[in-house]
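Spelled out from the first residue to the last, the chains are:
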Amino acid sequence: CEWFHLFIGPGLVLSWFLLWTSLQPDCLHRASAVNLRRFIGCAVREFTFQAKKPGCGSLHITTDACWGRCETWEKPVLDPPYIESHQRVCTYNETRLVTVKLPNCQPNVNPMYTYPVALRCDCGVCLTSTTECITSV
């Protein structure tokens, strides 16, 4: 079950999540873990990450992202592919884009950085065009 997705390219979700959790006080780790165990659904939640691009300095950005758990199940069936699955992820339903200027960029580098802000999130099919999706191995 996927529980957190950003509207970004592959590989950045985990990095941004680990950065965000490492910056939080210990008391928030415990509270979040308890709340996540009880929360079923998909909601907008504040998220802070460090925006970076080659040739520029970094900038801490706080935005809204999708966060939650959605119903997912699989069951065996007799016909190929021998499994029936229902996999929903917490993903964007509506977003707006925000552009900021990164500091200390080299003269040949565009300093503008665009990121999404979640306005509404829902449990839905994972679309590789907007979300990092994990497929079966």
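Residues numbered from 1 in each chain as written. Predicted model: local features only at pLDDT ≥ 70, side-chain atom pairs only at ≥ 80, totals over all residues. Heavy atoms only, no water.

> I would appreciate a short explanation of the packing of aromatic side chains in the present structure.
To describe a pair of aromatic rings, one takes the distance between the centres and the angle between the planes. Enumeration according to the criterion identifies four aromatic pairs in this entry. Relative to Phe 49, the ring of Phe 47 lies with its centre 6.2 Å away and its plane at 25°, an arrangement referred to as stacked. Across the pair, exposure class does not vary: Phe 47 and Phe 49 are buried alike. Aromatic side chains Tyr 113 and Tyr 115 sit 6.5 Å apart centroid to centroid with 35° between the ring planes, which places their arrangement in the tilted category. One aromatic cluster in this structure is built from Phe 47, Phe 49, Tyr 113 and Tyr 115. It is Arg 45 that lies over the ring of Trp 67; its NZ or CZ is 4.1 Å from the centre. (Phe/Tyr/Trp six-rings, centres within 6.5 Å; stacked < 30°, edge-to-face > 60°. Buried < 20%, exposed > 50% of the residue type's maximum accessible area, 1.4 Å probe, protein only. Lys NZ or Arg CZ within 6 Å of the ring centre and 35° of its normal.)

> So what exactly am I meant to see when it comes to the nonpolar core here?
Side chains that are nonpolar tend, in soluble globular proteins, to be buried together. Within the largest apolar cluster, 20 residues are counted, with the highest numbers of intra-cluster contacts made by Phe 49, Ala 51, Ile 61, Cys 66, Val 100, Tyr 113 and Tyr 115. Broken down by secondary-structure element, the contributors of at least two residues to this core are strand S2 (41–51), strand S3 (59–69), strand S6 (89–101) and strand S7 (112–124). Of the residues forming this core, the biggest block, five residues, is contributed by S7. (Core = buried A, V, L, I, M, F, W, Y, C linked by side-chain atoms within 4.5 Å. Helix = DSSP H or I, 4+ residues; strand = E, 2+ residues; numbered from the N terminus.)

> Explain unusual backbone geometry to me, please; I cannot follow it from the model alone.
Keep in mind that most residues, glycine aside, have a negative phi and that most peptide bonds are trans. Across the junction of Pro 80 and Pro 81, the peptide omega takes the value 5°, indicating a cis bond. Within the secondary structure, Pro 81 is located in the loop between strand S4 (72–76) and strand S5 (83–87). Positive phi values are uncommon outside glycine, yet Tyr 82 reaches one of about 70°. Checked against the element boundaries, Tyr 82 lands in the loop between S4 and S5. Residue Tyr 82 is classed as exposed on the basis of its relative accessible area, which comes to 51%. Phi angles above zero are rare outside glycine, and Asn 104 is one such case at about 55°.

The analysis is restricted to geometry; functional conclusions fall outside its scope.
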